[in-house]
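Residues per chain are reported as follows:
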Amino acid sequence: MPPRWSIYGCAALVVTAVLAPLARAGYVLRYDMVFVPRQSLTWDLIAPSGVLPRAVPQDALVGLSALIAPGWLAQRLVLAGLLAAAAIGAGRLVPARRGLTRVVAAIGYAWTPFLAERLLIGQWGLLLCYAALPWLVRAALDAGRGRAGAGARVVLAAACASITPTGGIIALATTLVFARRRAPVVSLAVAALNAPWLLVAAGSATPATSSPDAVASFAARAENWGGVLVALAGTGGIWNAGAVPASRTGPLVPLITLGLLVAAGFGFGRLRRRWPDGAATRLARLAAGSLLLAAWGALPGTAGLLRWAVVAVPGAGLFRDGQKFLVPYALGLILCLALAAERIAERLPAAPGRLVLAGFALLPVVALPDLAWGAGGKLRPVSYPADWASVAGVVRAEPGPVVSLPMSAYRSYSWNPGPVVYDPASRYLPAEVIADDRLRIVLGATTRTIRGESETAAAVRARVEAGGPAADERVRWVLVQRDAGGPVPVAALTGLVPVHLGPALELYRNPGYRVPAGRVPLLGLAGYLLAGSVVAIAGWRRFGSRRENR
């Protein structure tokens, strides 16, 4: 079998092994992963004004996809696509001389603790960056060598990585490190891909600073006796214990991690020899920088600096969850491990050498078996109760701001067993949804509440806590989620007219609602126009160059 087809076969096996439970109908709802039958393109999702643009342009792209595909299909396509792209990209990037070495890289990169933990916390947008990074590095290396069409490939790969602010920062840093000869032009184009969230944030009245308490809450954590640095070195260490696979807590994990680090050092020399112009050294520096960012909030000597930064420096809150920046480190680690396996195999006869490579290929699966079968059955599709479609139809007929009660950012439903999920109302209902944006984080026996950003949500919460009505003249609807747990004071519904009373959801109309003047976020739209133009030009140049080469 040709090496390229073996990589594709590995990608198919990984997708099947991880996402097999998604053959059932329904939606996987877990923490930040919220897909709905049809996500509308509302201004509140395209260019939010009351909160920081953490899901820009991700939400807008999901809304666009709803024009051609239902939400259940979009979810499966994006999850399968990112797993396949990660495997194929790493397999093609590694400078191997054996086909099995590419298999080691493909499986290794698509089966890391980082991918498992971010999948379990529902951050598929960040995982698109993870999947795009091998393609971006390969294109940037070609651009540095002056190859035709490589600059356009850099921009297109970076566009896939930049659907979240974190992904955009990683893509820009990677481009600056690798695309040396064309760095100014290509880097400016990649920087422009960050325009949507940057300009939305610039046009928002929401302060771009955050609470210093969030640093300790989102800092990387130990997963076993090895401590936080060993957890990060193994590409794990996420702050949320609910997103940590059980196998990561095993007593042998630190020893396996240390063995992999030694092997990776053994393979780095080969990467340095096979990649020209010091590219391997630049990757090592980028990986070391991402590892330091990941540990920034967890080390006593640097956590204080980060606490100061999130208060004093606008946008520094992006770095409070530092573990998410491990993406370049994970890629560098896997490439070096694959080449170390090849180096060991070359010192052995043919048959034992192939066994060594096969063993390295299977090692990630053996060390992290609970990523298989939907992360040990945790990625289970469920169906929304019929009330959701009924309420969405009513709101679609008379659009207007909706208050979601009880006040909570994340909710637990009896029909979605397992962890909490971000309130689906904000994406299911075709209107602005006002929900509590404070975060309650449980750390052992302690619960921390991170202050929210939305002044509108704070005003609603204050009225309800004071025994007043949830709605004022700026609110058209009040949604009560009876199946989400938590009481709703009777006084909060004072003066409202019931429109839908179902077993799961109740919807009330506010007769005192006054239609406000329309909001058009011109600055945010300019960001989308700039980024879209860059992608369109890169696409035209990429496919135009391919036609010329034919």
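First, a word on scope: everything that follows refers to the structure included in this document. Remember, it's a predicted structure, so these values are computed and weren't measured experimentally. (Residues numbered from 1 in each chain as written. Predicted model: local features only at pLDDT ≥ 70, side-chain atom pairs only at ≥ 80, totals over all residues. Heavy atoms only, no water.)

**A look at the overall build of the protein chain**
Across its full length, the protein chain carries 23 helices and 9 strands. Within the protein chain, buried positions represent 57% of all 550 residues. The long-range share in the protein chain, meaning contacts at least 24 apart out of those at least 6 apart in sequence, stands at 77%. Summed over its atoms, the accessible surface of the protein chain is roughly 22,500 Å², and 65% of this surface lies on carbon and sulfur atoms. Of the charged side chains in the protein chain, 54 are positive and 26 negative, and the gap between their average positions amounts to 13 Å. (Helix = DSSP H or I, 4+ residues; strand = E, 2+ residues; numbered from the N terminus. Buried < 20%, exposed > 50% of the residue type's maximum accessible area, 1.4 Å probe, protein only. Contact = heavy atoms within 4.5 Å. Areas by Shrake-Rupley, 256 points an atom, 1.4 Å probe, with all protein chains shown as cover. Lys, Arg positive; Asp, Glu negative; His and termini not counted. Charge placed at Lys NZ, Arg CZ, Asp CG, Glu CD.)

**Notes on the packing of helix α9 (residues 165-178) against helix α10 (residues 183-192)**
Following both chains from N to C, one finds α9 and α10 inclined at 180°, their axes separated by 9 Å at the closest point. The angle between the axes of α9 and α10 places the two elements in the roughly antiparallel class. Between α9 and α10, the residues in contact are Ala-171, Leu-172, Thr-175 and Leu-176 and Val-186, Ser-187, Val-190 and Ala-191, respectively. Residue classes in the contact of α9 with α10 are distributed as 6 nonpolar, 2 polar and no charged. (Axes fitted to C-alpha atoms, helices over the stretch in contact; angles between N-to-C directions. Parallel < 35°, antiparallel > 145°, perpendicular 65-115°, else oblique. Nonpolar A, V, L, I, M, F, W, Y, C, P; charged D, E, K, R; others polar.)

**Regarding unusual backbone geometry**
Residue Pro-57 is bonded to the preceding Val-56 through a cis peptide linkage, with omega at 0°. With respect to the helices, strands and loops of the structure, Pro-57 is situated in the loop between α2 (43-46) and α3 (58-65). With an omega of -5°, the peptide bond between Leu-405 and Pro-406 qualifies as cis. For Pro-406, the position within the fold is in the loop between β1 (402-405) and β2 (410-413). Positive phi, normally seen in glycine, also occurs at Trp-373, with a value near 50°. Note on placement: Trp-373 falls in helix α19 (residues 372-377). You can call Trp-373 exposed: its relative accessible area is 53%.

**Comments concerning the pattern of salt bridges**
A full pass over the atoms with the stated rule returns 18 salt bridges. Between Glu-342 and Arg-274 there is a salt bridge; the shortest N-O distance is 2.6 Å. You can see Glu-342 sitting in helix α17 (residues 327-346) and its partner Arg-274 sitting in helix α14 (residues 253-274), a full 68 residues away along the chain. In this structure, Glu-342 and Arg-274 share a single accessibility class: buried. Through salt bridges with shared partners, a single ionic network connects Asp-142, Arg-145, Arg-147 and Arg-153. (Salt bridge = Lys/Arg side-chain N within 4 Å of Asp/Glu carboxyl O.)

**Some words on the layout of surface pockets**
Of the voids in this model, the second largest pocket is the one considered here, and its volume is about 820 Å³. Lining the second largest pocket are 28 residues, and of these Ala-132, Trp-135, Leu-156, Ala-157 and Cys-160 lie nearest its centre. Only α3, α4 (71-93), α7 (124-144), α8 (150-161) and α23 (522-549) provide two or more residues apiece to the lining of the second largest pocket. The residue inventory of the lining of the second largest pocket, partitioned by class, reads 19 nonpolar, 3 polar and 6 charged. (1 Å grid on protein atoms, 1.4 Å probe; cavity = no way out; pocket = protein on both sides within 12 Å on 5 of 7 lines; lining within 4 Å. Points joined across faces, edges and corners; volume = space filled by probe spheres on them.)

**Structural notes on the packing of α14 against α17**
Axis separation between α14 and α17 bottoms out at 6 Å; the angle between their running directions is 85°. By the criterion of interaxial angle, the relationship of α14 to α17 is roughly perpendicular. Each of Leu-260, Leu-261, Ala-263, Ala-264, Phe-266, Gly-267, Phe-268, Arg-270, Leu-271 and Arg-274 in α14 lies in contact with α17, whose residues at this interface are Tyr-329, Leu-333, Cys-336, Leu-337, Leu-339, Ala-340, Glu-342, Arg-343, Ile-344 and Glu-346. Among the residues making up the contact of α14 with α17, the classes are represented as 14 nonpolar, 1 polar and 5 charged.

**Digging into empty space enclosed by the protein**
Throughout the structure, instances matching the rule amount to 4 cavities of 30 Å³ or more. Computed from the structure, the largest cavity encloses a volume of approximately 360 Å³. Around the largest cavity sit 22 residues that line it, and Pro-113, Leu-260, Leu-337, Pro-364 and Ala-367 are the ones nearest its centre. Those elements giving two or more residues to the lining of the largest cavity turn out to be α5 (99-109), α14, α17 and α18 (350-367). The residue makeup of the lining of the largest cavity, split by class, is 16 nonpolar, 5 polar and 1 charged. Estimates place the volume of the second largest cavity at around 60 Å³.

**Here's the deal with the pairing of strand β7 (residues 477-481)**
Of all 5 residues making up β7, 5 are buried, and the element is well covered by its neighbours. Residues Trp-477, Leu-479 and Gln-481 line one face of β7 and the alternating positions Val-478 and Val-480 line the opposite face, and both faces are buried. Relative to β7, β1 is paired through 4 bridges, and the arrangement is parallel. The residue bridging Val-402 from the neighbouring strand is Trp-477, located in β7. Here 5 bridges tie β7 to strand β9 (residues 505-509), and the two strands are oriented antiparallel to one another. Its bridge partner lying in β9, Val-478 is registered against Tyr-508. (Pairing = 2+ DSSP bridges.)

**Considerations on the packing of aromatic side chains**
Tallied over the entire structure, the rule returns 14 aromatic pairs. Each ring, one from Trp-296 and one from Phe-319, has its centre 6.2 Å from the other, and the planes form 55°; the classification is tilted. Highlighted residues: Trp-296 in the loop between α15 (279-295) and α16 (300-312) and Phe-319 in the loop between α16 and α17, separated in sequence by 23 residues. The rings of Tyr-27, Tyr-384, Trp-388, Tyr-413, Trp-415 and Tyr-428 are connected pair by pair, giving a single aromatic cluster. (Phe/Tyr/Trp six-rings, centres within 6.5 Å; stacked < 30°, edge-to-face > 60°.)

**Thoughts on the environment of Trp-135**
Inspection of the secondary structure assignment puts Trp-135 in helix α7. For Trp-135 and Leu-93, which are 42 residues apart along the polypeptide, the C-alpha to C-alpha distance reads 7.4 Å. Non-local contacts of Trp-135, meaning those with residues more than four positions away in its chain, are made with Ala-85, Ile-88, Gly-89, Arg-92 and Ala-157.

**Focus: the nonpolar core**
Within the largest apolar cluster, 146 residues are counted, with the highest numbers of intra-cluster contacts made by Leu-79, Tyr-109, Trp-124, Tyr-130, Trp-275 and Tyr-384. For this core, the leading source of residues is α7, giving 15 residues. Discounting chain neighbours no more than four positions away, the residues touching Tyr-109 are Ala-86, Ala-90, Leu-115, Tyr-130, Leu-133, Pro-134, Val-327, Ala-330, Leu-331 and Ile-334. The next biggest cluster of nonpolar side chains, apart from the first, holds 17 residues, and it includes Ala-457, Ala-470, Ala-471 and Ala-492. (Core = buried A, V, L, I, M, F, W, Y, C linked by side-chain atoms within 4.5 Å.)

**Brief notes about α14**
The terminal C-alpha atoms of α14 lie 31 Å apart, and with 22 residues this matches the ideal 32 Å at 1.5 Å per residue to within 8%. Of all bends in α14, the biggest is about 30°, found at Gly-267. Those residues of α14 that are buried are in contact with α13 (227-233), α15 and α17. (Expected span 1.5 Å × (residues − 1). Bend = angle between axes of the 7 residues up to and from the residue.)

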